[in-house]
Amino acid sequence: MSSSPSLIESPRPRFSPDEVRALLRAQFGIDGDLALLDSERDQNARVRSAGGQFTFKIVNAAEPPSAMAFQTALLRHVEAAAPDLPLPRVVPAADGADIAVAEGPTGERHALRLVTWLPGVPLAKVARTSQVLANVGRALARLDQALLSFGHPGAFREFDWHIGQTPRSRGRLEAVRDPARRALVAACLDRFDTFVVPALVHLRHSVIHNDANDWNLLVDEASGTVSGLIDIGDAVFAPTVAEVAVAAAYAMLGQPDPAAACLAVVGGYHSALPLTAAERAVLPHLIAARLAISVTISATRQATSDDPYLFVSEAPAWELLAWLASPAGQDLGAAIERACARPGAAFLPPRRDDADLAEARRRLLGKNLSLSYRTPLHMVEGHDVWLTAADGRRYLDCYNNVAHIGHCHPRVVEALAAQASRLNTNTRYLHENVLAYADRLRRTLPAGLDTFFFVNSGSEANDLALRLVRTATERQGIAVLDWAYHGHTQALIEISPYKYKRKGGPGRATFVTELPLPDMYRAPDDWRPFEHGARFAAEARRHLAEAAAPPAAFIAETIPSVGGQILLPEGYLAEVYAAVRAVGGLCIADEVQVGFGRVGTHMWAFEEHGVVPDIVTMGKPAGAGHPLGIVATTRAIADRFANGMEYFNTFGGNPVSCAVGLAVLDVLEEQRLLENARVQGDYLLERFRGLADRHAAIGDVRGRGLFFGLEVVRDRGTKAHDGATASAVVNEALALGVLMGTDGPFDNVVKLRPPMTCTRAHADLLVDVLDRAFSAAAR
């Protein structure tokens, strides 16, 4: 998927104007006037037609197809995530495809792409005032903000214009014939090795435009704002700060006061997307690195090409490199710090290395607090579907369903900060937030579930639910599904087979009735699929009848998670609820993992089964990362619980938590995330079944909405569990940049729960990584 230096060395396409018109007509059904445009390695033309103005690109034959797919996905993502950003829009070919293909004179194949033409004047042709340059910085920061939630396999490529490939410039130094200039570049590369290379692990990384030169930036002359960001051919996954470094390098070229130009761009960028201390420290060296890449490539090409476009910025680049090496240039770093200074900035202690953290963890925390993965991850930042590790690498998070609407959603952060800055207290005082939140939740639930208790986690919610049913029924017994897990309190461990059956567990208590897990994949062979619900329900009734006493309640996750992402068969839940209620028991729906729209079709997973529980418990996704748990029940049950003993929870229902909960509900509704979960979930299920066709280790694919399990087996005939391969797949996926986990009694089910903001591009990346991970695990 990576592109080699041959891409830069490969000649540009050279179709005649008539041939370009013919391609445009045949592939896109457009006739119009053409004006050929300059390009480093492609052939571009401006098209004026009756249907509008467009840019037509004939791509260099050396460009890999993955790069074109990546660029198209990037444009589609920005169009969806930040539609006001002035990037071109993709115009489909006549057959509906985003990319067409043409054959060159020697049989080489060229991709063809048509995008909308953007108005404006190139920055190269307008006065570079500080306001214009600040607007450039702000526009790039907004683009990078939008791209923080974008990922694609094609973004991970190596080519000479990638700032991380700066050391390759040493291989081109001999092409710089002037000894003084050669020494200037060598010194620049030495500084890169000394100051940038060790810092790379501390820098944010993301997809960036990577080529904000003064011909790729269009400006509205009247307002001085950026009206167009064009040519994403160099977009790549790289240090995020490289974006502003590239833009600043071009803005400084030929300027009487390079520092002022740089500070205008940096200041504008920092105002919209604040730079970290580590990013600010390396910025001058990254600017010099971009120039070093440029002049060494230019020197190398002088021997093989006389195309003036390739050398347009060479002379001013040498001048700027010399300035950066001067005393004035060496003060640029301090000037950037002053420009970016923010009063009252929080002090962050120096980041400790992972070995030091692991040792401190062993010394300070309990030994039974586990870490994920063979090599633990040190996470430092989250945004939407991405988690960023201390080494700067980003991971697509398909595991942590707590970040229900994405990590650090700005609406949640804003709501939390605003309320925390005003008041946070307990529910012994009147406050609007807890009532507004309760009412919003009430409107999502079936009639009758209209009374609420607020706590701080799913475990607290389930623990309180046990108190409610035991008080209401004056019974102690609880019916549960085998391998269920409902929380970490002592009362919940006693009713969680996942805990009490394992090493260190207390064993099953006499008041617990354990119902067989209704796993359709492992149902007896002589059970016909349409019988599964009734057959498993009959087994449940038998176990209830054999219990020492009728239970106070039956509690179940609507999709048992630690049991292996088990989908309950149709009709099962209704029959078991009826059987429990027939003996005076109550029914608890544990929606801690699958609630708040994760199944896509409904807000609450139990709704798919046509049942109405007596109590619903909620947790993990409710606060999208903020501790929040809820118990919803009927007024009658709540009144039975009000037996004279006060119920009080210090933090449950506090104004900050309720503000967060309200923001989560707003985002789910406004971004139509239930519909997104349904659409992306259906797409992923189809893709996962395609994986199962290619990988015999996948015995079963199951899921609903954005909640999936891939069961891994040694043999599809015997269905023998294969936890070792499941673990290998998860760890290989980690190496490829995607987070997932395993679950089930034998840890052989790959568990996938991406945020509700998962897009088609994220889904494709997940499937691509799973495909590669299963292939690697099979070797």
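Per chain, the residues get numbers from 1 upward, laid out in the order the sequence is written. Thresholds applied to this predicted model are a pLDDT of at least 70 for local features of residues and 80 or more for the giving and counting of side-chain atom pairs; totals over whole chains, interfaces and linings are not thresholded and use all residues. Each side-chain value is derived from all of the structure's non-hydrogen atoms; neither hydrogens nor water enter the calculation.

S.K.: Would you mind going over the packing of aromatic side chains with me for this structure?
M.R.: By convention here, two paired aromatic rings are described through the distance between centres and the angle between planes. Side-chain rings of Phe, Tyr and Trp, where Trp is taken by its six-membered ring, are said to pair if the distance between their centres is within 6.5 Å; with planes under 30 degrees apart they count as stacked, over 60 as edge-to-face, and otherwise as tilted. Counting across every chain of the model gives 13 aromatic pairs. Here Phe156 and Phe237 contribute two aromatic rings whose centre-to-centre distance is 4.7 Å and whose plane-to-plane angle is 40°, an arrangement assigned as tilted. Here Phe156 is found in the loop between α4 (130–147) and α5 (179–196), whereas its partner Phe237 is found in strand β11 (residues 236–239), with 81 residues between them in sequence. A 1.4 Å probe rolled over the protein chains alone gives each residue an accessible area, and that area as a share of the maximum for its type sets the label: buried under 20%, exposed over 50%, partly exposed in between. For Phe156, a relative accessible area of 38% translates into the label partly exposed. According to the relative accessible area criterion, Phe237 is buried, its value standing at 13%. Plain terms: the ring middles of Phe453 and Phe641 are 5.9 Å apart, the flat faces sit at 90° to each other, and that makes the pair edge-to-face. In this pair, Phe453 sits in strand β15 (residues 451–455) while Phe641 sits in helix α20 (residues 635–641), placing the two residues 188 residues apart along the sequence. The residues Phe453 and Phe641 share a single accessibility class, namely buried. An aromatic cluster of at least three residues, connected via ring pairs, comprises Tyr437, Phe452 and Phe454. For the cation-ring pair, Arg157 lies above Phe159, with the distance from its terminal atom to the ring centre recorded as 4.3 Å. For helices the rule is a DSSP run of H or I covering at least 4 residues; for strands it is a run of E covering at least 2, with both sets numbered from the N terminus onward. Whether a charge sits over a ring depends on NZ of Lys or CZ of Arg being within 6 Å of the ring centre and within 35 degrees of the ring normal.

S.K.: Hey, could you run me through the sheet that holds β15 in this one?
M.R.: By definition, the strands of a sheet pair up through backbone hydrogen bonds, in either a parallel or an antiparallel sense. Paired strands are those between which DSSP finds at least two bridges. Read from one edge to the other, the open sheet built from 7 strands follows the order β15-β21-β20-β19-β18-β16-β17, with strand pairing classed as mixed. The sheet is open, and its two edges are formed by β15 and β17 (512–515), each paired on a single side. The mean angle between the axes of side-by-side strands here comes to 20°, regardless of whether they run parallel or antiparallel. As judged from the 3 bridges shared by strand β16 (residues 478–481) and strand β18 (residues 553–557), these two strands associate in the parallel manner. Its bridge partner being in β18, Ala479 is matched across the sheet by Phe554. Across the face of the sheet, helix α15 (residues 458–473) comes into contact with β15, β16, β18, β19 (586–590), β20 (615–618) and β21 (629–633) while running at roughly 165° to β20. We call two residues in contact whenever any of their non-hydrogen atoms come within 4.5 Å of each other. Only the stretch in contact is used when fitting a helix axis, every axis being a line fitted to C-alpha atoms; angles between N-to-C directions are given from 0 to 180 degrees. Contacting β16 and β17, helix α18 (residues 532–546) runs over the sheet at an angle of about 160° to β17.

S.K.: Would you mind going over the environment of Ala328 with me for this structure?
M.R.: With respect to the helices and strands, the residue Ala328 is situated in helix α10 (residues 327–330). As for Ala328 and Ala259, which are separated by 69 residues in sequence, their C-alpha atoms are 8.5 Å apart.

S.K.: Help me understand the confidence of the model for the chain, please; the structure alone is not making it clear to me.
M.R.: Caution applies to low-pLDDT regions: their predicted coordinates should not be interpreted in detail. Confidence per residue, as judged by the predictor, is encoded in pLDDT with a range of 0 to 100. When pLDDT is averaged along the chain, the result is 92, and 96% of the positions lie at 70 or above. Low pLDDT (under 50) marks residues 308–312, which in the prediction has 13 contacts with non-local residues, meaning those over four places away or in another chain. Of the regions scoring below 50 in pLDDT, residues 342–350 engages in 1 contact with residues more than four places distant in sequence or in other chains.

S.K.: Any chance you could explain the packing of α18 against helix α19 (residues 572–582) here in plain terms?
M.R.: For any two helices packed against each other, the geometry is given by the interaxial angle and the distance between the axes. Relative to each other, α18 and α19 sit at 20°, their axes nearing to 8 Å. With respect to α19, the element α18 is oriented roughly parallel. Along this stretch, α18 crosses α19, giving a crossing that reads as right-handed. Contact residues: Gly533, Ala534, Phe536, Ala537, Ala540, Arg541 and Leu544 in α18; Tyr572, Glu575, Val576, Ala579 and Val580 in α19. Note on residue classes: Ala, Val, Leu, Ile, Met, Phe, Trp, Tyr, Cys and Pro are nonpolar, Asp, Glu, Lys and Arg are charged, and everything else, Gly too, is polar. By residue class, the composition of the contact of α18 with α19 is 9 nonpolar, 1 polar and 2 charged. The scheme is simple: roughly parallel for angles under 35 degrees, roughly antiparallel for over 145, roughly perpendicular for 65 to 115, oblique for anything else. Helix crossings are classified by the rotation of the near helix relative to the far one: an anticlockwise turn of less than a right angle makes the crossing left-handed, while a clockwise turn makes it right-handed.

S.K.: Just checking my understanding: could you explain the sheet that holds strand β10 (residues 226–229) for this structure?
M.R.: Pairing within the open sheet is antiparallel, and its 3 strands lie in the order β7-β9-β10. The sheet is open, and its two edges are formed by β7 (121–122) and β10, each paired on a single side. In this sheet, strand β9 (residues 217–219) lies alongside β7 in antiparallel orientation, the contact comprising 2 bridges. Its bridge partner lying in β9, Pro122 is registered against Leu218. Relative to the sheet, α4 contacts β9 and β10, its axis offset from that of β10 by approximately 50°.

S.K.: Mind showing me how you'd approach the packing of α4 against helix α7 (residues 258–272) here?
M.R.: The contact between α4 and α7 brings their axes to 7 Å, and the two run at 40°. Considering the angle they form, α4 stands oblique to α7. The handedness of the crossing between α4 and α7 is right-handed. Contact with α4, carried on its side by Ser130, Leu133, Ala134, Gly137, Arg138, Leu140, Ala141, Asp144 and Gln145, involves Ala261, Ala264, Val265, Gly268, Tyr269, Ser271 and Ala272 of α7 and no other residues of that element.

S.K.: Help me out: how do you make sense of the pattern of salt bridges in this one?
M.R.: Oppositely charged side chains may form a pair once their charged atoms are brought near each other. Should a side-chain nitrogen of Lys or Arg be within 4 Å of a carboxyl oxygen of Asp or Glu, the pair is scored as a salt bridge. Summed over the entire model, instances satisfying the criterion amount to 46 salt bridges. Note that Lys57 is salt-bridged to Asp42, the shortest N-O span being 3.2 Å. Linking Lys57 in strand β3 (residues 52–58) with Asp42 in the loop between β1 (33–37) and β2 (43–49), this pair joins segments that are 15 residues apart in sequence. Taking the relative accessible area as the measure of exposure, Lys57 reaches 10% and is therefore buried. A salt bridge links Lys501 to Glu514, with the nearest nitrogen and oxygen atoms 3.0 Å apart. Of the two residues, Lys501 sits in the loop between α17 (497–500) and β17 while Glu514 sits in strand β17, which places them 13 residues apart along the sequence. Look at Glu514 and you get buried, because its relative accessible area is 18%. One continuous salt-bridge network, built from bridges that share partners, spans Arg411, Arg440, Asp666, Glu669 and Glu670.

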